[in-house]
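Observations on the model geometry
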Amino acid sequence: TWSAVPAGPPDPILGITEAFKADKDPRKINLGVGAYRDENGKPYVLNAVKKAEVKMAIAKLDKEYLPITGLANFTQNAAKLAYGSDSVPLNQNAIAVTQSISGTGALRIGGAFLARHYPGHRIIYLPTPTWGNHIPLFKDSGLEVRSYRYFDKKTVGLDFEGLKEDLKNAPEGAVVLLHACAHNPTGVDPTPAQWKELSDVLAEKKLFPFFDMAYQGFASGSTTRDAFAVRHFVSQGHNVALCQSFAKNMGLYGERVGAFSLTTSSEEEKKRVESQLKIIVRPMYSNPPLHGAHIANTILSDPELYQEWESEVKGMADRIISMRERLCELLTNDLQTPGSWGHIKSQIGMFSFTGLQTEQCKALAGKAHIYMTMDGRISMAGLNSSNIEYFAQSVDAAVRG
Ligand code: PMP
């Protein structure tokens, strides 16, 4: 029956993990996967999460189905976290929200909703580069995928002029995907002033902002600071789409906790939009999983756990920032590795786009047992005080050839 089905290529990132697992060298480092690791290189379950689970066990919750749009308290708390408690559409009860299967599921619901109901073009502009999954995801949702310039290889920074030019040339009514903070894979974000300018460009050209926020709190250590772009656009009168993930900021990766929301003009409009979100979700997976949403909701609704969570998010962000500083210092000062490395320090979030070439990445895997994607992206969370010097020395050797 399936003799005509061709073998597909392996997933580039999951393939790295396979190669890493097969490597027996004790010095091996996996910098491919975007999951936080603690100072000992181990996966980290947040204390706030453990305490929430204890509370849940004591409460003897049942395992009944959630409604189609998920746990209502969770989606309300998630919206409050993203938009802020003083958000106008939030207080007007004009934000349509549904729980989602983490950030990916939110993107997919969003793509499907736009393909069906967005009155403008079914064209979505993605930054170059972007998270690899965005492209097939939006294509599979039925949107036409185009790109806008984002990363400037020469400066290893933002190509802000190119970005604005591409958006100004986009057809009126197109959708623009924006990484709300901690752009993946580059770690390069617009400044607050640049976000303000972008909000004006989108308004002028009647482009629709579609935010992917997979790292709120994880980028700067402050959930408020990381929500700046989303909140600014909303304050300027944009209606936005927003995808939230609790994978990184609560370490709930495999629990698949997320939310998709759309700001609307009124409570009545919100109700219509929400009814259509249900019509999209019901035939896909009926209703979302319960456990992770309960964990997130327990944390978001308990002031003590919330505070502990905020300090743990900051702890993770700060550890990553300190690894950036250390790596930059090792390459620049200690090893005097050819090239400039300041971008490692200025980039934001889980990843650094090192500027290493494919050949150098291959050499790192082959000779030094260090695994990363071939575009030179490393997960900063994979570095710690025990392996960072070995990593820097190996990069130095690869650069010097
Ligand atoms: N968007 C971006 C930009 C991401 O980096 C990720 C995680 N790698 C996601 C969305 C979705 O992740 P998840 O489905 O695990 O929440």
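All residue numbers here refer to positions counted from 1 along the written sequence of the relevant chain. It should be noted that, the model being predicted, local features are given only for residues of pLDDT at least 70 and side-chain atom pairs only at 80 or more, the latter also being counted only at that level, while totals for whole chains, interfaces and linings use all residues.

- The protein chain is annotated in an unreviewed UniProt entry as Aspartate aminotransferase of Boletus edulis BED1.
- In its Sequence similarities (unreviewed entry) section, the UniProt entry covering the protein chain states "Belongs to the class-I pyridoxal-phosphate-dependent aminotransferase family."
- Turning to the protein chain, the UniProt annotation filed under Subunit (unreviewed entry) states: "Homodimer." UniProt positions are given in the numbering used here, feature names are shortened, and annotations may be inferred rather than shown by experiment.

**Concerning the nonpolar core**
- What we call a nonpolar core is a set of buried Ala, Val, Leu, Ile, Met, Phe, Trp, Tyr and Cys residues whose membership is set by joining through C-beta atoms within 7 Å. Partly exposed residues are those falling between the two cut-offs: more than 12 but fewer than 20 other C-beta atoms within 10 Å of their own, whereas 20 or more means buried and 12 or fewer means exposed, with C-beta atoms placed from the backbone. Membership of the largest hydrophobic core comes to 115 residues, with the highest contact counts inside it found for Val176, Phe211, Val230 and Ala296.
- With 11 residues, the top contributor of residues to this core is helix H13 (residues 303–334).
- Looking at which domains feed residues into this core, each of domain 1 (12–44 + 317–396) and domain 2 (65–301) supplies at least three. Put simply, DSSP marks the helices as runs of H or I at least four residues long and the strands as runs of E at least two long, and each gets a number from the N terminus on. Reported domain spans reflect what an automatic or database domain assignment gives.

**What about the domain arrangement of the protein chain?**
- For the protein chain, the assigned domains are domain 1 (12–44 + 317–396) and domain 2 (65–301).
- Relative placement of domain 1 and domain 2: their C-alpha centres are 28 Å apart.
- Whether two residues are in contact is decided by their C-beta atoms, placed from the backbone, lying within 7 Å. In this assembly, 17 residues from domain 1 lie in contact with 19 residues from domain 2.
- Top element by residues in the side of domain 1 that touches domain 2 is strand E11 (residues 351–353). It accounts for three residues.

**As for the sheet that holds strand E7 (residues 175–179)**
- Overall, mixed pairing links the seven strands, which are arranged E2-E10-E9-E8-E7-E3-E4 in an open sheet. Each end of this open sheet is capped by a strand with a single partner; those strands are strand E2 (95–101) and strand E4 (144–149). Across the sheet, the mean angle from the axis of one strand to that of its neighbour is 25°, orientation sign disregarded.
- By the convention used here, strands pair only if DSSP detects at least 2 bridges between them. Inspection of the sheet shows strand E3 (residues 123–128) paired to E4 by six bridges, in the parallel sense. Looking at the pairing, Thr128 lines up with Arg149 of E4.
- Between N-to-C directions, angles cover 0 to 180 degrees, with each direction set by a line fitted to C-alpha atoms, over the stretch in contact for helices. Helix-sheet contacts for helix H3 (residues 72–83) involve E2, strand E8 (208–213), strand E9 (241–245) and strand E10 (257–263), and the interaxial angle to E2 is about 110°.
- Relative to the sheet, helix H7 (residues 160–168) contacts E4 and E7, its axis offset from that of E4 by approximately 145°.

**A few points about the site of the ligand**
- Taken together, the neighbourhood of the ligand is formed by 13 residues, with Ser102, Gly103, Thr104, Asn184 and Ser245 sitting nearest.
- Per-element accounting of the shell around the ligand gives the leading share, three residues, to helix H5 (residues 102–117).
- In this classification, Asp, Glu, Lys and Arg are treated as charged, Ala, Val, Leu, Ile, Met, Phe, Trp, Tyr, Cys and Pro as nonpolar, and every other residue, Gly included, as polar. Residues of the shell around the ligand, tallied by class, amount to four nonpolar, eight polar and one charged. What makes a residue near a molecule or strand is its C-beta atom, placed from the backbone, lying within 6 Å of it.

**Side note on the UniProt feature "domain: Aminotransferase class I/classII large" (unreviewed entry) in the protein chain**
- The sites that carry the UniProt feature "domain: Aminotransferase class I/classII large" (unreviewed entry) are, in the present numbering, residues 27–394.
- Between the end C-alpha atoms of residues 27–394 there is a gap of 11 Å, over a span that is 46% helix and 15% strand.

**Quick notes on unusual backbone geometry**
- The residue after Thr128, namely Pro129, is reached through a cis peptide bond having omega -5°.
- Looking at where Pro129 falls in the secondary structure, it is placed in the loop between E3 and helix H6 (134–140).
- Note the cis peptide between Asn184 and Pro185, where omega equals 15°.
- The phi dihedral of Lys206 falls on the positive side, at around 50°, and the residue is not glycine.
- For Lys206, the location among the structural elements is in the loop between helix H8 (192–204) and E8.

**Comments concerning the packing of helix H15 (residues 358–368) against helix H16 (residues 388–400)**
- Interaxial distance between H15 and H16 falls to 9 Å at its minimum, and their mutual angle equals 125°. Taken as axis vectors, H15 and H16 run oblique relative to one another. The handedness of the crossing between H15 and H16 is right-handed. Residues Gln360, Ala363, Leu364 and Ala368 of H15 form the contact with H16, whose participating residues are Ser394, Ala398 and Val399.
- Of the residues assigned to the contact of H15 with H16, the class counts are five nonpolar, two polar and no charged. Put simply, angles under 35 degrees are roughly parallel, angles over 145 are roughly antiparallel, angles from 65 to 115 are roughly perpendicular, and the rest are oblique. Each helix crossing is assigned a hand: it is left-handed if the near helix lies turned anticlockwise from the far helix by less than a right angle, otherwise right-handed if that turn is clockwise.

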